[in-house]
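Single-letter residue listing:
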Amino acid sequence: MKKKILFFMGIGAVLLTAGCFPKELEDQIKKLEAEAIQARITEAPKEQERMYIDEVKGTLQDFNGSQVVLSTQEGTYYFDVRYAVVECTEGLLSGSPVSVIYEGQLAGRDTSYVRVLKVADAVHKKEPAATHIAEGKVEAFTCYSVTLKEEDKKSVTYPITGAMQYFQNGLKKGMKVFITYLGEPVRGEGVLAKTMDAAHVKVQCISDAQAEPPGRKEYEASSSLLNQPQEKDRISGTVSGLSNGTLMAILDGSTEAVKLNLDSAKVYFQGGIVIGTHFTAKYEGEIGKAEKGVTVTEICGDDPTSLNENEIQTSVIGSIIGMTANTVTIEPEKGISVICDITNAARTLSRELAVGMQVKIIFSPEKSRDSNIYPALQILDDV
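Since we're looking at a predicted model, the values are computed, not measured.

> Looking at this structure, how should I read the overall build of the protein chain?
Tallying secondary structure elements over the protein chain gives 4 helices and 26 strands in all. For the protein chain, with 383 residues in total, the buried portion stands at 43%. Within the protein chain, contacts between residues at least 6 apart in sequence are counted, and of these 64% link residues at least 24 apart. Here the protein chain has roughly 21,000 Å² of accessible surface; of this, 51% comes from carbon and sulfur atoms.

Spelled out as structure tokens, the structure:
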């Protein structure tokens, strides 16, 4: 209101000093309006210059949770991806073609002056990642990894979270197994030239049979465990850990952990032997009495495809070692990392997610069958 009064006072002053008549008054008002508009245009802040956006295409060599290492014809690039969105259909598989989209301008291979917006499948990628098979003797086996001594005497550790597992003749150290996986292990350089890094492949299946394991319906049809009436030698419970052929579990109706010997067991876990997986087993021995634990003759994990999201409890537990705009990478055991997409995850946390924080992430094995990025269903404090 004050501005209007001042405006018309200004006009009145002009009229008094200029002695304007009505026609002259109209012309003077138009002039003042034109000057005001021009002043606003002159004083308006200039539009920010459009930021330069480009991409680098190459082959993924490594990912530590917040940095992507990309190999190209020009050389190797190290991109900080802490603020980037990761959108790769099969995950971040070593040896796969990817595009790093960024704003800013590179100075040669110096990436410190750019901000990565997205890591995505390369535009020219049309075929799915090739399937490979590795074989060797088990040196170590946990819920998260298996280490094999392969034919060339190399020891290679594979990440196996959520991978289908089928063993006809028990699970034990020294047994020969076959691993089906996506991606390409990375060969070491220099003094490590004889080593292979399989940290960023996606293991789909582990079995002691070279032939493809039976499907769920086929296995259920042939399983005495699942087809015969419940007997005294049946138990059920939840996986809490695995060390070579010894399964740690919490039996239904109990809070105490027991050890189950799988050396001679027929084993079938469609979604892998993962913490939180529920199972049914036939056993020999007396629970709580045997020093080396109960010997299992057959064990089968629940069918993950039959569960709704509220029933799924399969999980990874570890410390956050890196983050992007939509993922967290956790380390459940030394040298093993698990990448989780947290876009749609429910959060039950005492504080904001941060590197170094210990968390439990619940995921569905079926939703990550062909990707090494696991869609998280829930994120919780690890208490």
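> How should I be thinking about the sheet that holds strand E5 (residues 97-103) in this particular structure?
Adjacent strands of a sheet pair through backbone hydrogen bonds, lying either parallel or antiparallel. Judged by pairing direction, the sheet is mixed, and its 6 strands sit side by side in the order E3-E2-E1-E5-E6-E4 without closing on themselves. Looking at strand neighbours, the two that pair on one side only are strand E3 (75-80) and strand E4 (85-87), the edges of this open sheet. On average, each strand axis in the sheet is tilted by 35 degrees relative to the strand beside it, whichever way the strands run. Sheet topology note: the E4/strand E6 (residues 115-121) ladder contains 3 bridges and is parallel. For Glu87, the partnering residue across the bridge sits in E6 and is Ala120.

> Sorry, what's going on with the packing of aromatic side chains here?
A ring pair, where both rings are aromatic, is described by two values, the distance of the centres and the angle of the planes. This structure, assessed with the given rule, holds 8 aromatic pairs. Between the aromatic rings of Phe141 and Phe167, the centroid separation amounts to 5.9 Å while the plane-to-plane angle is 85 degrees, which identifies the pairing as edge-to-face. Here Phe167 lies in strand E10 (residues 164-167) and Phe141 lies in strand E7 (residues 131-141), a separation of 26 residues in the sequence. Taking the centre distance of 5.8 Å and the plane angle of 75 degrees together, the rings of Tyr166 and Tyr268 count as edge-to-face. Of the two residues, Tyr166 is situated in strand E10 and Tyr268 in strand E18 (residues 266-269); the sequence distance between them amounts to 102 residues. One exposure class covers both Tyr166 and Tyr268, and it is buried.

> I keep staring at the environment of Gly318 and nothing clicks. Help me out?
With respect to the secondary-structure elements, Gly318 resides in strand E21 (residues 315-323). Assessed through its relative accessible area of 2%, Gly318 is described here as buried. Residues Gly318 and Glu333, spaced 15 residues apart in sequence, show a C-alpha to C-alpha distance of 7.3 Å. Those residues in contact with Gly318, other than ones at most four positions away along the chain, are Ile330, Glu331, Pro332, Met357, Gln358 and Val359.

> Can you help me understand unusual backbone geometry in this one?
Its identity is not glycine, yet Asn244 carries a phi of approximately 55 degrees, on the positive side. Relative to the helices and strands, Asn244 resides in the loop between strand E15 (234-243) and strand E16 (246-251). Under the relative-accessibility criterion, Asn244 is labelled partly exposed at 22%.

> Looking at this structure, I do not really get the nonpolar core. What am I missing?
Within soluble globular proteins, side chains that are nonpolar generally end up buried alongside one another. Counting 59 residues, the largest nonpolar core has Tyr158 and Phe279 as its most contacted members. Not counting residues up to four positions away in its chain, the partners in contact with Tyr158 are Ala134, Tyr144, Ser145, Val146, Leu148, Glu150, Ile179, Tyr181, Ala198, Val201 and Val203. Counting 20 residues, the second largest nonpolar core, distinct from the first, contains Leu60, Phe79, Val86 and Ile339.

> Looking at this structure, I do not really get the pairing of strand E1 (residues 53-63). What am I missing?
It is a general feature of regular strands that their side chains alternate between the two faces of the sheet. Where E1 lies against E5, 7 bridges are found, and the strand directions are antiparallel. In the strand pairing of E5, Lys57 is matched with Ser99. Joining the antiparallel neighbours E1 and strand E2 (residues 67-72) is a turn of 3 residues, in which Gly65 adopts a positive phi near 105 degrees.

> Can you help me understand the environment of Leu70 in this one?
Structurally, Leu70 is set in strand E2. Of the residues examined, Leu70 reaches a relative accessible area of 0% and is grouped as buried. Residue contacts for Leu70: discarding those within four places in its chain leaves Val56, Lys57, Gly58, Thr59, Leu60, Gly75, Thr76, Tyr77, Phe79, Val98 and Val100.

> Quick question: what am I supposed to make of the confidence of the model for the protein chain here?
Do not read the predicted coordinates in detail wherever pLDDT is low. With 81% of its residues at a pLDDT of 70 or more, the protein chain shows a mean pLDDT of 85. Confidence, read as mean pLDDT per element, is least for helix H1 (residues 2-18) in the protein chain (46) and greatest for E21 (97). Across residues 1-21, confidence stays below pLDDT 50; counting only partners more than four residues off in sequence or on other chains, it has 9 contacts.

> I'm lost on the side chain of Thr327 in this one. Help?
Its location among the elements puts Thr327 in strand E22 (residues 327-333). Taking the relative accessible area as the measure of exposure, Thr327 reaches 1% and is therefore buried. Side-chain polar atoms of Thr327 contact the side chain of Thr324, separated by 2.7 Å. Excluding residues that lie within four positions of it along the chain, Thr327 makes contacts with Val86, Gly322, Ile339, Cys340, Asp341 and Ile342.

> Please explain the pattern of salt bridges as it appears in this structure.
For side chains bearing opposite charge, pairing can occur when the charged atoms are close. A complete count under the given rule lists 9 salt bridges for this structure. For Glu55, the salt bridge is made with Lys57, and the minimal N-O distance between the two is 3.9 Å. Since its relative accessible area comes to 43%, Lys57 is described here as partly exposed. Residues Arg369 and Glu366 are paired through a salt bridge, measuring 2.6 Å at the closest nitrogen-oxygen approach. A relative accessible area of 28% places Glu366 in the partly exposed class.

> Which parts of the structure should I look at to understand the pairing of strand E14 (residues 202-207)?
In terms of residue burial, E14 counts as a mostly covered element, since 6 of its 6 residues are buried. Where E10 lies against E14, 3 bridges are found, and the strand directions are parallel. Bridge pairing in E14 links Met164 to Cys205. Relative to E14, strand E11 (residues 176-182) runs antiparallel, the two being bridged by 5 bridges. Bridged to Thr180 within E14 is Cys205.

What counts, and at which threshold
- Residues numbered from 1 in each chain as written.
- Predicted model: local features only at pLDDT ≥ 70, side-chain atom pairs only at ≥ 80, totals over all residues.
- Heavy atoms only, no water.
- Helix = DSSP H or I, 4+ residues; strand = E, 2+ residues; numbered from the N terminus.
- Buried < 20%, exposed > 50% of the residue type's maximum accessible area, 1.4 Å probe, protein only.
- Contact = heavy atoms within 4.5 Å.
- Areas by Shrake-Rupley, 256 points an atom, 1.4 Å probe, with all protein chains shown as cover.
- Pairing = 2+ DSSP bridges.
- Axes fitted to C-alpha atoms, helices over the stretch in contact; angles between N-to-C directions.
- Phe/Tyr/Trp six-rings, centres within 6.5 Å; stacked < 30°, edge-to-face > 60°.
- Core = buried A, V, L, I, M, F, W, Y, C linked by side-chain atoms within 4.5 Å.
- pLDDT = per-residue confidence, 0-100.
- Polar contact = N/O pair within 3.5 Å; in protein donor to acceptor, adjacent residues only side chain to side chain.
- Salt bridge = Lys/Arg side-chain N within 4 Å of Asp/Glu carboxyl O.

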